[in-house]
Structure formats: C-alpha cells, structure tokens
Amino acid sequence: MNTETPAERVARAHASISERAGAPCEIALVLGSGLGQLADAVSDATVIPYGDIEGFPVSTAPGHKGQLVIGTLYGRRTVIMQGRLHLYEGWHPRDIALAVYLLKALGAGTFVVTNAAGGLNADFDAGDVMLIEDHLNLTGTSPLIGHNDESIGLRFPDQSRLYDPALRVVAQEAAAATGTDIRKGIYCGLNGPELETSAERRFYRSIGCDAVGMSTVMEVIAANHAGMKVLGLSAITNAATGGEDQEPDTIEAVVAMAAVCGVKIETILRHAFPTLPKA
Ligand code: HPA
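Residues numbered from 1 in each chain as written. Predicted model: local features only at pLDDT ≥ 70, side-chain atom pairs only at ≥ 80, totals over all residues. Heavy atoms only, no water.

A short note on the site of the ligand
Test applied: Near, as used in this document, describes a residue that has one of its heavy atoms within 4 Å of the molecule or strand being considered. Pairing of N or O atoms within 3.5 Å defines a polar contact, subject to two protein rules: one partner must be a possible hydrogen donor and the other a possible acceptor, and residues neighboring in sequence count only if both atoms are side-chain atoms. Every accessible area reported is derived by Shrake-Rupley at a probe size of 1.4 Å, with residue values counting cover from the shown protein chains alone. Labels follow the DSSP assignment, with helices taken as runs of H or I lasting at least four residues and strands as runs of E lasting at least two, numbered in each case from the N terminus. The residue classification treats Ala, Val, Leu, Ile, Met, Phe, Trp, Tyr, Cys and Pro as nonpolar and Asp, Glu, Lys and Arg as charged. All others, Gly included, are polar.
Contacts to the ligand come from 13 residues, most closely from Ala116, Gly118, Glu196, Arg201 and Asn238. Between the ligand and the protein, one listed contact pairs a nitrogen atom with a backbone N or O atom of Ala116 at 3.3 Å. In the environment of the ligand, a nitrogen atom lies 2.9 Å from a nitrogen or oxygen atom belonging to the side chain of Glu196. For the ligand, whose accessible area on its own is 260 Å², the fraction buried by protein is 93%. Among the secondary structure elements, those contributing two or more residues to the shell around the ligand are strand 5 (110-119), strand 8 (211-213) and strand 9 (229-239). By residue number, the principal contributor to the shell around the ligand is strand 5, which donates three residues. Taken together, the residues of the shell around the ligand break down into seven nonpolar, four polar and two charged.

Rendered as structure tokens:
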C-alpha cells in the first residue's frame, strides 16, 4: 500500500519534471473533451507526457491527449493539462487532486477549467458556452477524503465562492468585448460514463442545474483547497433536457460540437488572459 501523503506525492511528481518545466507558470488551464486544439496557440511549448511524471495517472478518455503543455499562451506563462483525468476511468479522486496540486506546484495561482457538458437548460443550444457560476458535486465523493496536508490547504475549505466572482466578471467582459455570446449557470458533476437517463436530466434541471458533465468538480474542489482562483467554462455540446424531443447522444457528435464551442472559448480566453490577476 502506498503510504505517501498527498504533499509527498506531489513533491515527488514535481521533482521529476521541475527542470524540464522551466520558469514558474501563472495560469493552469485544463482542456475538456474535444477542446485540445486550444493548446495549439502556445508558443515556446515544452510538452511533458503524463507517463514521464512520477506517480502521475495516464488519461485514456477519447479526445484527450495525456500531456502537460507549458509555454506562453495569450501572453501569459501557462501550464495546460491536455487530457484530463475522469472518475469514470477508474481514477481515485486523489489522483485527480494530485494533478491539480502539481499545477499549483508549477506556480499557477489561477485555475481555468473547461469541459464538454450537456445543456439541461432548455434555453441553451448546442454550440453555446456557459460560464460556470457554481456547481453541484453529485459524484458522491471528494478528492479531499483522507489525510489532510495543512501544507496544501485547510481540512474544511470554504466553498461559498468556488468560482471566483472577479474572474467571472473578467470572462463576461471578455465575451462582451469580443461579441461572443455567453450563458451562465450551474454545472452538475457526475461520475459517468453512461449518459443520464431522461428522467435524471429532468431531475438535475429541477434541482437548479443548467449543464451536466463528468468532470471538473473534483479538480475545482482540489484547486480551491490549494488556494487557486477558479474560472470555469462549459462547452454545451448537446441538448440534454430529457424532454419529449430529446435526441440520443453520441461521443462523436459531442466531440464535433466541442470544436465549435472551442472557437468561442478561445476568443474569450484570448481576450481575458492579459487581465487575469497575477498569482
Ligand atoms: N452528459 C454528461 N456529460 C456530457 C454530456 C451530457 O449530456 N455532454 C457532454 N458531456
């Protein structure tokens, strides 16, 4: 049994790549399903496959590459997770937290998370982008269960403003300045991998959620725990209202629509990055 604490594990992972990683990063960006092309805009990129990082899980999800890309993105020193870790792959919530703590160890004070999500809100269309205002963690688990390292964060971290209000304003101003439509709402985080039944979708809508997906909540809980400020954007890849007109979903259609949303997300982030706070 591995008896390492989370802090020891992240220190070992960091030590294995710190020389290659170079100068500290300011921003961490996690790319969701089908959004990997956002990493193409990085200049002076250093690519570190997850397999080269000691103790790091190697992601297997479709549309996810499994590497860190470190360099300058829209004028800011950024570390990108190109390929995220999902609970449905069998990763422990702590594996997902390790990845986030590593991004913090690389210097990032701002955590920008993107994902592909189904639109529960009937006003949303496939191809929309949603600014995440808050989330419901319906996975039934937490990345913080178990030993708490005070050197990382508090045992009982506050989550009353999990998605940073000031960063939300920055994103909305960037959307307005670039003429990009942006929705806002509550993200519902589930385990997957099966998609929701129509009854489940109607239920998640009725409890106040606007979008549903299989990622993000573990990462954001860990990022907040480690003291990073969080900005979240969902690519609404499919209508998921669970209504009479609900169409069946395919991963191919989700990934294809994520590329459409990715253009909008890229426009928003390109404009927002220069004004994101210094770490
Ligand atoms: N449900 C869950 N996850 C998703 C969906 C969905 O409808 N679309 C993209 N990711």
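Some thoughts on the packing of helix 1 (residues 6-21) against helix 2 (residues 93-105)
How we decide: Axes, fitted as lines to C-alpha atoms, cover a helix only where it is in contact. Angles between the N-to-C directions of the axes lie from 0 to 180 degrees. Here is the rule for angles: anything less than 35 degrees is roughly parallel, anything more than 145 is roughly antiparallel, 65 through 115 is roughly perpendicular, and the remaining ranges are oblique. Here is the rule for handedness: rotate from the far helix to the near one, and if that takes an anticlockwise turn smaller than a right angle the crossing is left-handed, while a clockwise turn gives right-handed. Two residues qualify as a contact provided that any one of their heavy atoms is within 4.5 Å of a heavy atom in the partner residue.
Contact geometry of helix 1 with helix 2 gives a least axis separation of 9 Å together with a crossing angle of 55°. Here helix 2 runs oblique to helix 1, going by the angle between their axes. For helix 1 against helix 2, the interelement crossing comes out right-handed. Where helix 1 approaches helix 2, its residues Pro6, Arg9, Val10, Ala13, His14 and Ile17 are matched on the opposing element by Arg94, Asp95, Leu98, Tyr101, Leu102 and Ala105. Partitioned by chemical class, the residues of the contact of helix 1 with helix 2 number eight nonpolar, one polar and three charged.

A word on the pattern of salt bridges
For clarity, the threshold we go by: The salt bridge criterion pairs a side-chain nitrogen of Lys or Arg with a carboxyl oxygen of Asp or Glu, the two atoms within 4 Å.
Evaluated as defined, the whole model comprises eleven salt bridges. Here Asp249 makes a salt bridge to Arg201, at a shortest N to O gap of 2.9 Å. Taken together, the residues Asp249 in the loop between strand 9 and helix 6 (251-272) and Arg201 in helix 4 (residues 198-206) connect sequence positions 48 residues apart. One salt-bridge network, held together by shared partners, links Glu4, Arg12 and Glu54.

Comments concerning helix 3 (residues 165-177)
Basically, it comes down to this: Multiplying one less than the number of residues by 1.5 Å gives the expected span of a helix. Buried residues are those whose accessible area, probed at 1.4 Å on protein chains only, stays under 20% of the maximum for their type, while exposed residues exceed 50% and partly exposed ones sit between those limits. By definition, the arc is the one covered by directions from the helix axis to the C-beta atoms.
In this model, helix 3 (13 residues) spans 18 Å end to end at C-alpha, consistent with the 18 Å of a helix rising 1.5 Å per residue. Listed as buried for helix 3 are Leu167, Arg168, Val170, Ala171, Ala174 and Ala175. For helix 3, the arc enclosing every buried residue in end-on projection is 160°, short of the 170-degree limit, so these residues lie on one face. Facing away from the buried side of helix 3 by more than 90 degrees, the exposed set consists of Glu173, Ala176 and Ala177. Downstream of helix 3 by a residue or two, Gly179 has a phi angle that is positive, lying close to 65°.

Points about unusual backbone geometry
Going from Gly192 to Pro193, the amide bond is cis rather than trans, its omega being 0°. Of note, Pro193 is situated in the loop between strand 7 (183-189) and helix 4. Phi is positive for Asp44, which is not a glycine, with a value near 50°. On the basis of relative accessible area, Asp44 is assigned to the exposed category, the value being 65%. Even without being glycine, Tyr74 reaches a positive phi, approximately 50°. Residue placement: Tyr74 occurs in the loop between strand 3 (67-73) and strand 4 (76-82).

Observations regarding the nonpolar core
Rules: Among buried residues, those of type Ala, Val, Leu, Ile, Met, Phe, Trp, Tyr and Cys that are joined through side-chain atoms within 4.5 Å constitute a nonpolar core.
One finds Ile53, Leu68, Met81, Leu102 and Phe111 to be the most contacted residues of the largest nonpolar core, which totals 50 residues. A total of eight residues in this core trace back to one element, the largest contributor, which is helix 2. Sequence-distant contacts of Ile53, defined by excluding residues within four places in its chain, comprise Ala13, Ser16, Ile17, Ile48, Leu68 and Leu102. Judged by nonpolar contacts, the second largest core, of 30 residues, contains Val42, Ala174, Leu233 and Leu269.

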